[in-house]
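So you can see what is in the structure, the chains are spelled out below.
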Amino acid sequence: MELLEKLTILSDAAKYDAACTSSGVRRGYRTGCIGNTSSALAGCCHTFSADGRCVTLLKVLLTNRCVYDCKYCVNRRSNDTRRAAFTPEELAELTIGFYRRNYIEGLFLSSGVVRSPDYTMELMIRALRILREQYRFNGYIHAKTIPGAAPELVDQLGLLADRLSVNIELPSEAGLKTLAPDKTKRAILAPMRQIQTRAAQGKEELVKYRHAPKFAPAGQSTQMIVGATRDSDLHILRLTQGLYDRYRLKRVFFSAYVPVVENTLLPSRDTKPPLLREHRLYQADWLLRFYGFRAEELLDEQTPDFNQLVDPKCSWALAHLDFFPVEINTADYETLLRVPGVGVTSAKRILTSRRVRSLGTEDLRRIGVVMKRAQYFVTCRGRMADGLRFTPDSLLRNLIAAERPSLPGGGMEQLSLFGA
């Protein structure tokens, strides 16, 4: 099979993996090496670096052959699909060739499980070692850890890659037993704990020894499939909160389930991917990471799922109207972050600006506050916006109307990597 044909198959097979990011690491110029991380061919995907730049990665599987039979996966062993595999030498040569042509800035590598988790990890390590040691590639590499692989292999992979990730796939252990019987919760969480512990040790070593090897300096991430099982948003958000607390993950990614197979245990093939639900979970994840919210504040047993019509922050505000209105000129930073329409940047600008003068409504607009949401929840100099009248019911309608233009019309669709 020609190399380009392999690339077409294996990059298309990788498109369902959403946990692709290059944030959180800076790898500067090194003498004798090529590539760094300071800076529409098959397999190329776009992601964003920590400083906001859009960068291009080669996103590909080492192979789509797999000994597992996960019912939701297009690469499962029982599925009739075209199979292909790179040799470690082919993958390294392809990556460095794309880099030299300025197509990519780094590599995102995952794989089906061929023979065993250990054998698959050995192939991935060999490919990355060729890149790092033979080609002296100094660019960004994100590698997927195979659950069940030996700890020493995870350790080797972490010394070669900038970021590691272990996909949880399904939010509940019951879902794993039903849809992915070859995987276990323990096999998934064990490498997460190892990566966290080893990364902490690496930071301590760097304090003592300047040239100590760095272990996954960009941290670790994971991915959950949303919609393949009946798990509620509350269950997913609690799990997300727990992963951040226990394993210090950089990101939890959510992937709306795309029906790729007809199975009685899964949604039917004509079911639309729950992309709006995925969007709401990402918004809630942002609130957990940057706004000081906890999962139990956003949802509870009486309301286990998000209102699809408004964003999670507005939903929280509607359920806690006694918390408002907030006086912009006196509220502290944490309180400002609770106001719909006020983000991290605009909250900091408010704190800076009010040292000089008392802020009014027009000042908030110039600062960047989204007043079509915030106006219902704030006062400036003790007064709300002139002429503003609303009830709890009309407030909900107004917030829905304010957000509707920003949502895609005509139904949301999952984009294809090779679509027109």
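So, here is what we can say about the structure in this document. (Residues numbered from 1 in each chain as written. Predicted model: local features only at pLDDT ≥ 70, side-chain atom pairs only at ≥ 80, totals over all residues. Heavy atoms only, no water.)

Glancing now at the nonpolar core. By size, the foremost hydrophobic cluster in this structure holds 113 residues, and its most contacted members are V60, Y72, L128, L298, I350 and L364. Contacts of L128, omitting those with residues within four sequence positions, involve L107, L109, I141, A143, L157 and L160. (Core = buried A, V, L, I, M, F, W, Y, C linked by side-chain atoms within 4.5 Å. Buried < 20%, exposed > 50% of the residue type's maximum accessible area, 1.4 Å probe, protein only. Contact = heavy atoms within 4.5 Å.)

Time to look at unusual backbone geometry. For the peptide bond that leads from F324 to P325, omega is 0 degrees, which places it in the cis range. Checked against the element boundaries, P325 lands in the loop between helix 10 (312-319) and strand 8 (326-327). A positive phi angle, near 60 degrees, is found at R136, a position not held by glycine. Examined against the element boundaries, R136 turns out to sit in the loop between helix 3 (117-134) and strand 4 (140-144). On the basis of relative accessibility, which here comes to 35%, the residue R136 falls in the partly exposed class. One non-glycine residue, R248, lies in positive phi territory at about 55 degrees. Positionally, R248 belongs in the loop between helix 7 (233-247) and strand 7 (251-256). Relative accessible area serves as the criterion here: at 56%, R248 is assigned to the exposed category. (Helix = DSSP H or I, 4+ residues; strand = E, 2+ residues; numbered from the N terminus.)

Turning to the pairing of strand 4, a few remarks are in order. Across the five residues that make up strand 4, a large majority, five, are buried. On strand 4, burial covers both faces: Y140, H142 and K144 on one face and I141 and A143 on the other are all buried. Two elements, strand 3 (residues 106-110) and strand 4, share four bridges in a ladder whose sense is parallel. Within strand 4, the residue paired with F108 across the bridge is H142. Each parallel crossover has a hand, and for strand 3 linked through helix 3 to strand 4 it is right-handed. Looking at chain direction, strand 4 and strand 5 (residues 163-165) are connected through three bridges and run parallel. Across the sheet, A143 pairs through a bridge with L164, a residue of strand 5. Traced from strand 4 through helix 4 (residues 151-160) to strand 5, the parallel crossover comes out right-handed. (Pairing = 2+ DSSP bridges. Right-handed = clockwise from strand over helix to strand, strands pointing away.)

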